[in-house]
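Examination of the molecular architecture
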Amino acid sequence: MGDANVPDLCRCVPGSAPAAWTRLLRVGRELREVVYVDGVRTAFGRAGPKGIFWRTRADDLGVKVVRELLRRNPSLPPERLDDVVMAATAQVGDQGLTLGRDIGLLAGLPPSVPGFAVDRMCAGSLTAVTAGSGEIAMGSAELVLAGGVEHMGHHPMGDDVDFNPRFVAERLVDPSAVTMGATAENLHDRFPELTKEDSDAFAVRSQQRAAAAWQNGVMSQTVVPMSVFTDDGWRVADRDEFLRPDTSLDGLAHLPTPFRAGGRVTAGNSAGLTDGAAVCLLASESVARDLELEPRMRLVSYAFAGVEPELMGLGPVPATRKALELAGLSLDDLGLFELNEPFAVQVLTWCDAMGVDPEDERLNPYGGAIACGHPLAATGVRLLAQLAYGFRERPGVRYGLTALCVGMGMGAALIWESLAAAD
């Protein structure tokens, strides 16, 4: 193989030839558009023995939302599904195994439908979405279920995790990085202009907007009622357990600060520990049309980014900027923002960095995790479902953002285009 024009890599491939290599170089592949069709979630329950899902298995939460998604989309033949991607932060116990395959079989999908599990902590289901989208874009799949499950009552965050002592001994991360509430206190330290009063005011708005969304029927479009067994017998879980519509600034002012004496992070301006599941249907644009599905939005771009682990909440800032750059858009092009709210101060840092007023009606118009809870790996699809509903309510809005921070110092951001606006 003495041809000087043959790339060096070709010389390493047994049996290869210049003509064969040229053909490989010429084989093009047109990436396919990925659309979001529909998404549902369970109600989000309080983690622990007093929560409504305490006696419910984590994987059964996932089974419920998968079955409901299929019921809502009767033109989707289950055998046409190409993959099931499910996330969990604690991949042990009743949310262990290969969760996507486990839930698919339990939900009654044909054995021919494969599945797998992913973990990127709070961005678990968003990572499931980007993984499934990659399969569709490359032509390896046409229809994918993507979502996440987190039963924080059965599997508290950090339980069964053996942190490598080098993290602290070699000062790879600050010890506060492994306690999410401590990272929120760090944000207050780094940005002292973002006060506890600011965080409390944001929390009150989140509760008020969530209460209005439930009252106006918004949540009935995405929350799946589920019969569950409790210490008091059978009940229907159909409402988030952290809703506090009567929350007031006076009521939040004197709550204890569990992460630091005299701190600024409280149970009132944070998301509670939560159990829940969510899943969505992704499709190639052409197959959605062929099956007469009704896609709501198209994936435009996405990005993940890293920051200092002890300042975990800053992650959505570089992720948003990177996703905007990849999309060729500016923040002004976006008409809706769905950000996770693990802590109010985390959203405030994003607002400050991006120049968005925390009271902006584009930001979390239906409330957020402070009001509904944050079941880690399930939260991302909740954001998508609320964004899709927001697009429907605002036909003049073309682009929107879903973003969240991720434990150990990361951020995720996905930009979507409303198909109603695009038409």
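1. Examining the environment of R321
Along the chain, R321 falls in helix α11 (residues 316-327). Spatially, the C-alpha atom of R321 lies 8.7 Å from that of A303, the residues being 18 residues apart in sequence. Residue contacts for R321: discarding those within four places in its chain leaves A353 and M354.

2. As for the packing of aromatic side chains
Within the structure shown, the criterion is met by five aromatic pairs. Centroid distance F229 to W234: 5.5 Å. Interplanar angle 65°. Geometry classified as edge-to-face. The exposure class of F229 is partly exposed, given its relative accessible area of 40%. The class of W234 is exposed, set by a relative accessible area of 62%.

3. Details of the pattern of salt bridges
When their charged atoms lie close together, side chains carrying opposite charge are able to pair. This model, assessed by the stated rule, comprises 19 salt bridges. Here R296 makes a salt bridge to D38, at a shortest N to O gap of 3.6 Å. One end of the pair, R296, is in the loop between α10 (285-290) and β10 (297-306); the other, D38, is in strand β1 (residues 34-42), and 258 residues separate them in sequence. Relative accessible area serves as the criterion here: at 30%, R296 is assigned to the partly exposed category. Note that K196 and D200 form a salt bridge whose closest N and O atoms lie 2.7 Å from each other. One end of the pair is K196 and the other is D200, both in helix α8 (residues 196-215) and four residues apart, which spans about a single turn. With a relative accessible area of 4%, D200 lands in the buried category. Each of E33, R298, R398 and E417 takes part in salt bridges that share partners, so that together they form one network.

4. As for the environment of E359
Counting through the fold element by element, E359 comes out in the loop between α12 (344-354) and α13 (369-372). The spatial distance from the C-alpha of E359 to the C-alpha of F202 is 7.8 Å, given a sequence separation of 157 residues. Setting aside its immediate chain neighbours within four residues, E359 contacts R205 and R209.

5. What about the packing of α8 against α12?
One way to put it is that α8 packs onto α12 with a least axis distance of 9 Å and a crossing angle of 100°. Here α12 runs roughly perpendicular to α8, going by the angle between their axes. Mapping the contact onto sequence places D198, S199 and F202 in α8 and A344, V345, V347 and L348 in α12. Residues that form the contact of α8 with α12 fall into these classes: five nonpolar, one polar and one charged.

6. So, the environment of R57
Position of R57 relative to the elements: it lies in the loop between β2 (45-46) and α3 (58-72). When the C-alpha positions of R57 and W416 are compared, they lie 33 Å apart, and in sequence the two are 359 residues distant. Not counting the four nearest positions on each side in its chain, R57 is found in contact with D94, H151 and H154. A distance of 2.9 Å separates polar atoms of two side chains, one belonging to R57 and the other to D59.

7. Considerations on the nonpolar core
Counting 41 residues, the largest nonpolar core has L331, L334, F337, L339, W350, L363 and L401 as its most contacted members. Breaking this core down by element, the ones donating at least two residues are α7 (180-190), α8, β10, α11, β11 (334-339), α12, β12 (399-406) and β13 (410-418). If you tally residues by element for this core, the top one is α12, at seven residues. Dropping the residues within four chain positions of it, W350 is found in contact with P316, V317, T320, L331, F337, L339, V356, L363 and L401. One finds V66, L69, I103 and A288 within the second-largest nonpolar core, a separate group that totals 38 residues.

Rules used in this analysis
Residues numbered from 1 in each chain as written. Predicted model: local features only at pLDDT ≥ 70, side-chain atom pairs only at ≥ 80, totals over all residues. Heavy atoms only, no water. Helix = DSSP H or I, 4+ residues; strand = E, 2+ residues; numbered from the N terminus. Contact = heavy atoms within 4.5 Å. Phe/Tyr/Trp six-rings, centres within 6.5 Å; stacked < 30°, edge-to-face > 60°. Buried < 20%, exposed > 50% of the residue type's maximum accessible area, 1.4 Å probe, protein only. Salt bridge = Lys/Arg side-chain N within 4 Å of Asp/Glu carboxyl O. Axes fitted to C-alpha atoms, helices over the stretch in contact; angles between N-to-C directions. Parallel < 35°, antiparallel > 145°, perpendicular 65-115°, else oblique. Nonpolar A, V, L, I, M, F, W, Y, C, P; charged D, E, K, R; others polar. Polar contact = N/O pair within 3.5 Å; in protein donor to acceptor, adjacent residues only side chain to side chain. Core = buried A, V, L, I, M, F, W, Y, C linked by side-chain atoms within 4.5 Å.

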